[in-house]
There are 2 protein chains.
Amino acid sequence: MSILTIERKVLEKNDVVAEQNRKLFAKNDLFVINLVSSPGSGKTSILERTLEYLSSSLRVAVVEGDVQTDFDAQRIAKYNVPVVQIVTNGGCHLEAKLVQDSLSTFVLENVDLLVIENVGNLVCPANYDLGEAMKVVVVSTTEGDDKPLKYPGMFHNASVLIVNKIDLVPYVNSDPEVIKKNALQINPALKIFETSCTTNKGIPEWGEWLRSQTKKRSA
Amino acid sequence: MSILTIERKVLEKNDVVAEQNRKLFAKNDLFVINLVSSPGSGKTSILERTLEYLSSSLRVAVVEGDVQTDFDAQRIAKYNVPVVQIVTNGGCHLEAKLVQDSLSTFVLENVDLLVIENVGNLVCPANYDLGEAMKVVVVSTTEGDDKPLKYPGMFHNASVLIVNKIDLVPYVNSDPEVIKKNALQINPALKIFETSCTTNKGIPEWGEWLRSQTKKRSA
């Protein structure tokens, strides 16, 4: 299987750069999350609500990853936080080198929390380490209960699960308890939050947990 | 960019097998669609409603593609149509060879319509020809208006767009007219349907259009 061999080399090279990123983040006492999900699960909306909640008390910077457009960076820029848009131009995931190249736009010693919003894709980003402290996977209630079992790689490699669009539960054939049970079957160590960007449910809990993880502020 | 070169070779090899599939489909007067979308857009639900509508009058067979599990094949098997499940085991898209290998499970001369449900991924399956007559892309109203512009490759390469979960419009910050306008900006030739698998809205129109495309029955 020559394709697998090639893929392994790509991943090995990526891991080298990811380690460089990780060292740079550690040197700057920077907490970094890699936010991953299907397209349209609400990653950017969660980030907007999180910035409303946190940006007055925590210095946040954002890297946006998209196949095309800078729509997400435009949305984030309204919150007056440093943001850079990476356009992969067809690429299905961010790689450590793309993130590394984007970091020069920030003054890292003045940042407490860096959020990297990955390309919307529940498969490919699972295997690419960007140097983050952890992956946070978002799944919306509208996507159905079975997603953790059908796309286990992402849930296995994430540390946190956010079940989003919890306000839509009355209108969809989906049960958040089943989503959580299925996710924990893949990864029993997952820390779980439930959120709605419409009602703001769960955003304070998620925001406070994020704050508790930042080294500079908890020091 | 050696990665691009490798990728091109993979695609070239895929295209050779896709052409073999296409010839086999033509020989059997078989209309074949490649159903693509984000995870959780409702591909399998649309297929279930379509089978309810069509399977008594049209001979349908289904190839299910998933990263893991045979949940979707189990759902389709209830409709008493021939179905085969391809598990990609981490792979982010179907390839023509996987489809080719699965075809031996069907008696193709006894099939009018073959639906290939791809892995839930709005990026990678766009570039892999499986030998289908056309790609049908599904986007649900819960995913937001901007998806065609953010993931243009899939909408560019599709011939049909299904805007699904139209019943959820009152509860989400999304406008089907904007989804359609954005999709047509990427691909003005798109044929568009609006569906709801809860109310069955649009399923008869979609089903009749599918029937009109099948060679054996329209002959």
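Please read all numbers here as calculations on a predicted model, not as lab measurements. (Residues numbered from 1 in each chain as written. Chains lettered and ligands numbered in written order. Predicted model: local features only at pLDDT ≥ 70, side-chain atom pairs only at ≥ 80, totals over all residues. Heavy atoms only, no water.)

Caption draft 1: Fine view of the nonpolar core. One finds Val137, Phe155 and Leu161 of chain A together with Val137, Phe155 and Leu161 of chain B to be the most contacted residues of the largest nonpolar core, which totals 40 residues. Among the secondary structure elements, those contributing two or more residues to this core are β5 (134–140), α6 (152–157), β6 (160–164) and α7 (176–186) of chain A together with β5 (134–140), α6 (152–157), β6 (160–164) and α7 (176–186) of chain B. Aside from chain neighbours lying at most four places away, what touches leucine 161 of chain B is Val137, Val139, Phe155, Ala183, Leu190, Lys191, Ile192 and Phe193 of chain B. (Core = buried A, V, L, I, M, F, W, Y, C linked by side-chain atoms within 4.5 Å. Buried < 20%, exposed > 50% of the residue type's maximum accessible area, 1.4 Å probe, protein only. Helix = DSSP H or I, 4+ residues; strand = E, 2+ residues; numbered from the N terminus. Contact = heavy atoms within 4.5 Å.)

Caption draft 2: Expanded view of unusual backbone geometry. A positive phi angle is found at asparagine 80 of chain A, which is not glycine, with a value near 55°. One can find asparagine 80 of chain A in the loop between α3 (71–77) and β3 (83–87). Here the phi dihedral of asparagine 200 of chain B falls at roughly 75°; this positive angle occurs in a residue that is not glycine.

Caption draft 3: Layout of the sheet that holds strand β7 (residues 191–194) of chain A. All names here are of chain A. A sheet is described by the order of its strands in space; here 7 strands give the open sequence β3-β2-β4-β1-β5-β6-β7, paired in parallel fashion. Edge strands, defined here as strands with exactly one partner in the open sheet, are β3 and β7. Each strand axis lies, on average, 20° off the axis of its neighbour in the sheet, ignoring direction. Pairing of strand β1 (residues 31–37) with β5, which is carried by 5 bridges, proceeds in the parallel orientation. The partner of valine 36 across the bridge, within β5, is valine 137. Its contacts with the sheet put α7 on β5, β6 and β7, and the angle it makes with β7 is roughly 165°. (Pairing = 2+ DSSP bridges. Axes fitted to C-alpha atoms, helices over the stretch in contact; angles between N-to-C directions.)

Caption draft 4: Up close: the pairing of strand β3 (residues 83–87) of chain B. All names here are of chain B. In this sheet, β3 lies alongside strand β2 (residues 60–66) in parallel orientation, the contact comprising 5 bridges. Looking at the pairing, glycine 65 lines up with isoleucine 86 of β3. In terms of handedness, the path from β2 via helix α3 (residues 71–77) over to β3 forms a crossover that is right-handed. (Right-handed = clockwise from strand over helix to strand, strands pointing away.)

Caption draft 5: Highlighting the confidence of the model for chain A. With 95% of its residues at a pLDDT of 70 or more, chain A shows a mean pLDDT of 94. Here the predicted complex carries an ipTM of 0.92, next to a pTM of 0.94. (pLDDT = per-residue confidence, 0-100.)

Caption draft 6: Local environment of the packing of aromatic side chains. On inspection of all chains with the given rule, the structure shows 7 aromatic pairs over all chains. Between tyrosine 171 of chain A and tyrosine 171 of chain B, the ring centres sit 3.5 Å apart and the planes meet at 10°, which makes this aromatic pair stacked. Highlighted residues: tyrosine 171 of chain A in the loop between β6 and α7 and tyrosine 171 of chain B in the loop between β6 and α7, drawn from two different chains. Ring centres of tryptophan 206 of chain A and tryptophan 209 of chain A lie 5.9 Å apart, and the angle between their planes is 20°; this geometry places the pair in the stacked category. (Phe/Tyr/Trp six-rings, centres within 6.5 Å; stacked < 30°, edge-to-face > 60°.)

Caption draft 7: Fine view of the interface of chain B and chain A. In this assembly, 34 residues from chain B lie in contact with 34 residues from chain A. Where chain B abuts chain A, roughly 2,600 Å² becomes buried across the two surfaces, and 66% of that area is made up of carbon and sulfur atoms. Three residues stand out in chain B for area buried against chain A, namely Pro39, Lys150 and Tyr171 of chain B, and they jointly supply 22% of the buried area on that side. Where chain B touches chain A, the interface holds 4 salt bridges. Aspartate 72 of chain B is the partner of lysine 150 of chain A in a salt bridge, and the nearest nitrogen-oxygen pair spans 2.8 Å. When contributions to the side of chain B that touches chain A are tallied by element, the ones reaching two or more residues are α1 (2–27), α3 and α5 (147–150) of chain B. (Buried area = accessible area lost by both parts, 1.4 Å probe. Salt bridge = Lys/Arg side-chain N within 4 Å of Asp/Glu carboxyl O.)

Caption draft 8: The arrangement of the pattern of salt bridges in detail. Residues and elements named next belong to chain A. A full pass over the atoms with the stated rule returns 29 salt bridges over all chains. A salt bridge links arginine 49 to glutamate 52; its shortest N-O distance comes to 3.1 Å. With a gap of 3 residues between them, arginine 49 and glutamate 52 both fall in helix α2 (residues 43–54), about one helical turn apart. Exposure remark for arginine 49: the relative accessible area of 17% places this residue in the buried category.

Caption draft 9: Structural view of the relation of the copies chain B and chain A. When chain B is fitted to chain A, the best match, at an RMSD of 0.0 Å, comes from turning it 180° and sliding it 0.0 Å along the axis. Accordingly, the operation relating the two chain copies is best matched by a two-fold axis. In this assembly the copies share their binding face: 100% of the residues contributing to the interface of chain B also contribute to that of chain A. (Least-squares fit on C-alpha atoms with pLDDT ≥ 70 in both.)

Caption draft 10: Structural view of the pairing of β6 of chain A. All names here are of chain A. Taken across its 5 residues, β6 has 5 buried, putting it largely inside the fold. With burial as the criterion, each face of β6 is covered, one bearing Val160, Ile162 and Asn164 and the other bearing Leu161 and Val163. Looking at chain direction, β5 and β6 are connected through 5 bridges and run parallel. Of the residues in β6, the one forming a bridge with valine 137 is leucine 161. With respect to chirality, the unit in which β6 leads through α7 into the neighbouring parallel β7 is right-handed.

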